[in-house]
Amino acid sequence: MTSLRPVLAAAIAGLLLAIPCRAQQAADAVEPEAPTGMRPVSTEPAKATKFMVAAANQLAAEAGLQILKKGGNAIDAMVTTQLVLNLVEPQSSGIGGGAFLVYFDAKAGRLTTFDGRETAPAAADPTLFLDEAGDPLSFYDAVVGGRSVGTPGTLRLIFDTHERFGALDWKTVVQPAIDLATDGFKVSPRLHALIVEEGQRLKRFAGARDYFFDAKGEPLKVGAILKNEAFAKTLRLIADKGAAGFYEGPIAEDIVRTVQNAEGNPGRLALSDLKNYRIVEREPVCLTYRAYEVCGMGPPSSGALTVGQILGLIEPFDIAALGPGSAKAWRLIGDASRLAFADRGRYMADIDYVPMPLRGLLDKDYLATRSKLLMGDTALAKDAVAPGTPPWDHAMLRGDDVAIELPSTSHFSIVDGTGNVVSITTTIENGFGSRLMTGGFLLNNELTDFSFETHDADGAVIANAVAPGKRPRSSMAPTVVMQDGKPVLAIGSPGGSRIIGYVAEALIAVLDWNMNVQEAASLPHLVNRFGTYDVEAGTDAAKLAGPLSDLGFEVKEADLNSGIHAIAITPEGLEGGADPRREGVALGE
Ligand code: GLY
């Protein structure tokens, strides 16, 4: 993992350096978190010997780093980084949303995960996203307004884990975000571009309209100083009262009022949903891959299971020897991904609500049998890509899920001076979430991660259908890679259901192709979820379009908008990587 093999190094250098610095470009109309420009591509990781933060925004990473310098640990820095991200990258994550944390507790020598996913309100039912005729609503008709808002989990996640693991006091870790909200920060190019792109939907409700546009109704310009007094007030209450200041009292009342009164599309969130919200500590889902244990977030996220399946399916093949420029390597990765997504659609959902073959999906014998499907020389035929039958003591007939998931979200990684590791993916779902704003923060639209349909065409129940209190299936894949019981890599990405492909690719880049984390974050993307091979437009990945098409894939060039923020823990120190497609940075000391 630490030394670059010479042959591969040449191939990687060719692939990386061919990424052009793309000019600012309009975001894709249906993907409001699409890229706003590629920064110059670096292959050099940030280096540090003590601690490091890698996050999607300089101000957020800097705030986290300052906490580490003050003697805070990774959990302290996580709280600060998250709250500052909420302010400076409001479209992606925050206390109005949910998050998954993979945490290595150095003192206990233990890896664990925390599920801070939003829940469906108690008043939700399976028909939440069906119209009066029983047909699914269009995506944005469902998203914009109160209907899509789930009970937020992020604040409960950062507060509870801070109570348990934090070193500095709560007020100290909340204060940097209060200061920045009060003093103001410069609107970044990415935030500006996304406000422009989302103009119409963002103006629908007063809160976001008043915040993201100037007095003339124009989108805030790049460099404009944006203050958020409402958020500072919210945070002061949270600093004083902790999570109770959010889940009960005036903030909770504002959230519920905003959701229930969203004109044209009200939601069902109630005060009791907020008061009853709990995070869940869950065992990490791990797969042994070559010399490593690749560990991440289990259900309700499909992240670790689907990434794990992809790795498990390609393990019998010598991906390292094939290298990143090989169409054969990408055939194997692409078809492994298609098979994994077939299982994901059939089986994966909130395990507290639906039985699912958790262990069976990563069972080595099952994966070895499925892997034999990849033995041919060309892409799998469409009808050969079907869910398998993992070992499972519940023989159940499930329908395949049709949930719509678009890119959004943020990932950050932190390693502190005592070896604690945070890998957290955090989201309000679609860019700008439900577009409802209260208390200076945006509310999520996470419930649209449920399947809108309740049954498939044959009448089989869809595992990821809406139910009261249930958590919508996620693709978020915060990951910690372990070797000999110690963490060696923290990594993750935003990107809707493409998160799985981005994380799998970056893991293969580091673990098989010996890339450093910056090279892995910069590597052009090739992602296959449901059959179409998406290759990253304007990069050398597009050069593989012809060969992959010759192998039988349907290939499409697309903007592939990852946001990988990773830290490798090497014998020589920490190495950080930040995705050039976003505004992030890895900072350390
Ligand atoms: N809303 C993004 C995800 O959970 O996958």
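The coordinates are above.
This section reports on the structure supplied with the text. The shown structure was predicted, so the numbers you read here are calculated from the model rather than taken from an experiment.

**Some remarks on the sheet that holds strand S18 (residues 526-528)**
Argument step 1. The strand order S18-S19-S20 describes an open sheet built from three strands, whose pairing is mixed. In this open sheet, the two edge strands, each paired with only one partner strand, are S18 and strand S20 (554-558). With direction set aside, neighbouring strand axes in the sheet form an average angle of 25°.
Argument step 2. Here helix H16 (residues 327-347) sits on the sheet in contact with S18 and strand S19 (532-536), set at roughly 35° to S18.

**Structural notes on the site of the ligand**
Argument step 1. Taken together, the residues surrounding the ligand are Arg-117, Thr-409, Thr-427, Glu-429, Glu-446, Asp-449, Ser-474, Ser-475 and Met-476.
Argument step 2. The contact in question runs from a nitrogen atom of the ligand to an N or O atom on the side chain of Glu-429, over 2.8 Å.
Argument step 3. Separating an oxygen atom of the ligand from a side-chain N or O atom of Ser-474 is a distance of 2.6 Å.
Argument step 4. Protein contact buries 100% of the 190 Å² of open area that the ligand shows by itself.
Argument step 5. Taken together, the residues of the shell around the ligand break down into one nonpolar, four polar and four charged.

**Concerning the pairing of strand S22 (residues 573-578)**
Argument step 1. Burial of S22 is extensive: six of the six residues sit out of reach of the surface.
Argument step 2. In the sheet, strand S1 (residues 46-48) pairs with S22 via three bridges, with the strands oriented antiparallel. Note that in S22 the partner of Ala-48 across the bridge is Leu-574.
Argument step 3. Looking at chain direction, strand S21 (residues 565-570) and S22 are connected through six bridges and run antiparallel. Bridging from a neighbouring strand, His-565 pairs with Ala-578 of S22.
Argument step 4. Turn length for the S21-S22 hairpin, with the two strands adjacent in sequence and antiparallel, is two residues.

Procedures and definitions
- Residues numbered from 1 in each chain as written.
- Predicted model: local features only at pLDDT ≥ 70, side-chain atom pairs only at ≥ 80, totals over all residues.
- Heavy atoms only, no water.
- Pairing = 2+ DSSP bridges.
- Helix = DSSP H or I, 4+ residues; strand = E, 2+ residues; numbered from the N terminus.
- Axes fitted to C-alpha atoms, helices over the stretch in contact; angles between N-to-C directions.
- Contact = heavy atoms within 4.5 Å.
- Near = heavy atom within 4 Å.
- Polar contact = N/O pair within 3.5 Å; in protein donor to acceptor, adjacent residues only side chain to side chain.
- Areas by Shrake-Rupley, 256 points an atom, 1.4 Å probe, with all protein chains shown as cover.
- Nonpolar A, V, L, I, M, F, W, Y, C, P; charged D, E, K, R; others polar.
- Buried < 20%, exposed > 50% of the residue type's maximum accessible area, 1.4 Å probe, protein only.

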